[in-house]
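# Overview (structure and organization)
Each chain, written out:
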Amino acid sequence: MEWVLSGIDYREENKWFGSHNENQGLAQWRYETGVRGLASTGTDPGMGDDFTGCYLRLVGSDGVVEIGVEDGPTLRYRVDGSGWTAVDVGATVHGPTSGVVRAGARKLLERVPGVDERRVDPPTFVDKAIEEVVDALVEGRTPAISGRRSLCAAELPFAAWESVRRRGRVDLPLDVDDNPLEAMVENGQIGPGARTTAEAGASEAGDGGDAAAPDATERAVADGDGGDD
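Predicted model only: the values in this text are computed from it and were never measured.

What follows covers the sheet that holds strand β7 (residues 63-69). Spatial strand order, β6-β7-β8-β9: 4 strands in an open sheet with antiparallel pairing. Each edge of the open sheet is held by one strand with a lone partner, namely β6 (54-59) and β9 (85-87). On average, adjacent strands in this sheet sit at an angle of 20 degrees to one another, irrespective of strand direction. Pairing analysis gives 5 bridges linking β7 to strand β8 (residues 75-79), with the strands arranged antiparallel. Among the inter-strand pairings, Glu-66 is bridged to a residue of β8, identified as Arg-76.

So this is what it looks like as structure tokens:
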């Protein structure tokens, strides 16, 4: 990516895996190839899956991909001018599904002493990630979840939060070593309990007025002294 420009709102605590995440956001970015991206996030009524009907929708120049479709498949896609094609991935957005056969086998094993019924459970996402890394090493290829690719994916949200902190566009590569959103929450710039810009401005104006503005008598004396000189 070349640059990222973003704005977010964070007024109610929203933590994922222990880290803060915005309640609503809008980000724009550009890749070195000239391709541009635009993302909208949020969970308020009329936004997010309430608006799209799925967990995540990706709209490209030639079609659409949807993940976590409400009352539908976990993954589906369509090319412009065609209908939806569902992809059986054997899992939901949050984890693998057991299926009827596995579920039945697990129930039977629960009654067998000394046998761990979890042995028939499908591999978790973590299991599959480890398998992918091992297979890639054996086959001499780059894993689909390599650290370099993961870093590129993580750079977008971190750059978006840095754009909010700088109040402007951020050119990449990113040159910060902290989490901009966490830092803004910690110092009270944003997040639950943070003062609004109007509140902060009113407070600063009030403090400054008491300390800096002279009363009428002081101004009169100052003007008189100046005239005598």
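This paragraph deals with the sheet that holds strand β10 (residues 170-171). Pairing is antiparallel across the open sheet formed by 4 strands, whose spatial order is β5-β4-β1-β10. The outermost strands of the open sheet, each flanked by one partner alone, are β5 (36-42) and β10. Of the strand pairs in this sheet, strand β1 (residues 3-9) and β10 are connected by 2 bridges, and their pairing is antiparallel. When the sheet's bridge partners are listed, Val-4 is paired in β10 with Val-170.

What counts as what
Residues numbered from 1 in each chain as written. Predicted model: local features only at pLDDT ≥ 70, side-chain atom pairs only at ≥ 80, totals over all residues. Heavy atoms only, no water. Pairing = 2+ DSSP bridges. Helix = DSSP H or I, 4+ residues; strand = E, 2+ residues; numbered from the N terminus. Axes fitted to C-alpha atoms, helices over the stretch in contact; angles between N-to-C directions.

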